[in-house]
Each structure stands twice: as structure tokens, then as C-alpha cells.
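# Commentary on secondary and tertiary structure
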Amino acid sequence: MTELEALQAALAGEHAALYGVGVAGGKLSGAKFKAATDTFDRHRDNRDQLSALITAAGETPVAAEPAYDLPSPVTNAVSASALILGIERRLAAVYGDLVEAAEQPPVRQLAIDQLLATASAQVVWGGAPIALPGAV
């Protein structure tokens, strides 16, 4: 996978994350709603950074889909939290691919930062801590 392909894949993942976190946020309240809002803001910032990197490379950023299929219905706070946890797990894999494909230091740093952020977010949303490749 080239750096540009990995950037586009990460951007596509962020588009999907924004959709999913937006859906999940509607079923949350209190501290969990605040955490979902912070998560949404982080993914929006990532989307914007990835789009800028792709545009700077002279390419057109992949567009968001009009809607995304969710893995299961989001009907309450438990299913909303599970959805966000799943999103963060999927994005960890995508950012791991970007770390591997990155050729430019700013792209690699963004990928590493977001890989760490997704790992931390997984714990916030009920996941168990995991060792990242090269971290043991």
C-alpha cells in the first residue's frame, strides 16, 4: 500500500467514524455524551488533516458516503458505546497501516498520534488495553 492509498483509507475511515459517532451520540447523555462529543471533534480534526495532506499531494480526497451500514442497531447507551468502541478498533488497524506506509515524517507522526489516540479511546469506551506492535 502506498502512502497516498493509506491516507485515503484513513480518510474513508474517518468519514465512517464521524457518521457512527454521530449516531451513537444520540443515545448517550452526561459524561458519555461529552466523551462522544470529544471523540467526534477528534475525528473531524483528523478528517480535515487527512484531506489537507491528500490535497497537498495533488489528489482529490475520497468523499464521504451518504450513509453507512452499522454493525448492529444503536438503541441505547450500551449499544452506542459498543459502536464507538468498534469504530476505534477499526481505526487502529487503519492507522497502523498508515504508520507502515508513511514516507513523510509529518504523515508518520499523524499516524502514530492517531494510533495511540485510538488505543486510548478504546479503553474509554470499554475495551481492554492492548499492546501495539513494537510496544512490548
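These notes cover the structure that comes with them. (Residues numbered from 1 in each chain as written. Predicted model: local features only at pLDDT ≥ 70, side-chain atom pairs only at ≥ 80, totals over all residues. Heavy atoms only, no water.)

End to end, helix H4 (residues 105-124) covers 29 Å across 20 residues, agreeing with the expected 28 Å (1.5 Å per residue, within 8%). By the burial criterion, the buried members of H4 are Val107, Leu110, Ala111, Gln114, Leu115, Ala117, Thr118, Ala119, Ala121 and Gln122. Considering only its buried residues, H4 is in contact with helix H1 (3-25), helix H2 (30-56) and helix H3 (77-101). Looking one or two residues beyond H4, the residue adopting positive phi is Gly126, at roughly 100°. (Helix = DSSP H or I, 4+ residues; strand = E, 2+ residues; numbered from the N terminus. Expected span 1.5 Å × (residues − 1). Buried < 20%, exposed > 50% of the residue type's maximum accessible area, 1.4 Å probe, protein only. Contact = heavy atoms within 4.5 Å.)

Here we come to the pattern of salt bridges. The final tally for this structure, using the stated rule, is four salt bridges. Asp41 is paired through a salt bridge with Arg44; the nearest N and O atoms lie 3.3 Å apart. Residue Asp41 and its partner Arg44 are located together in helix H2, separated by three residues, close to a single helical turn. Among the residues examined, Asp41 registers a relative accessible area of 27% and is labelled partly exposed. Note on Arg44: relative accessible area 31%, which makes it partly exposed. Close ionic contact of Arg47 with Asp48 constitutes a salt bridge, the shortest N to O distance being 2.9 Å. (Salt bridge = Lys/Arg side-chain N within 4 Å of Asp/Glu carboxyl O.)

These figures capture arrangement, not role.
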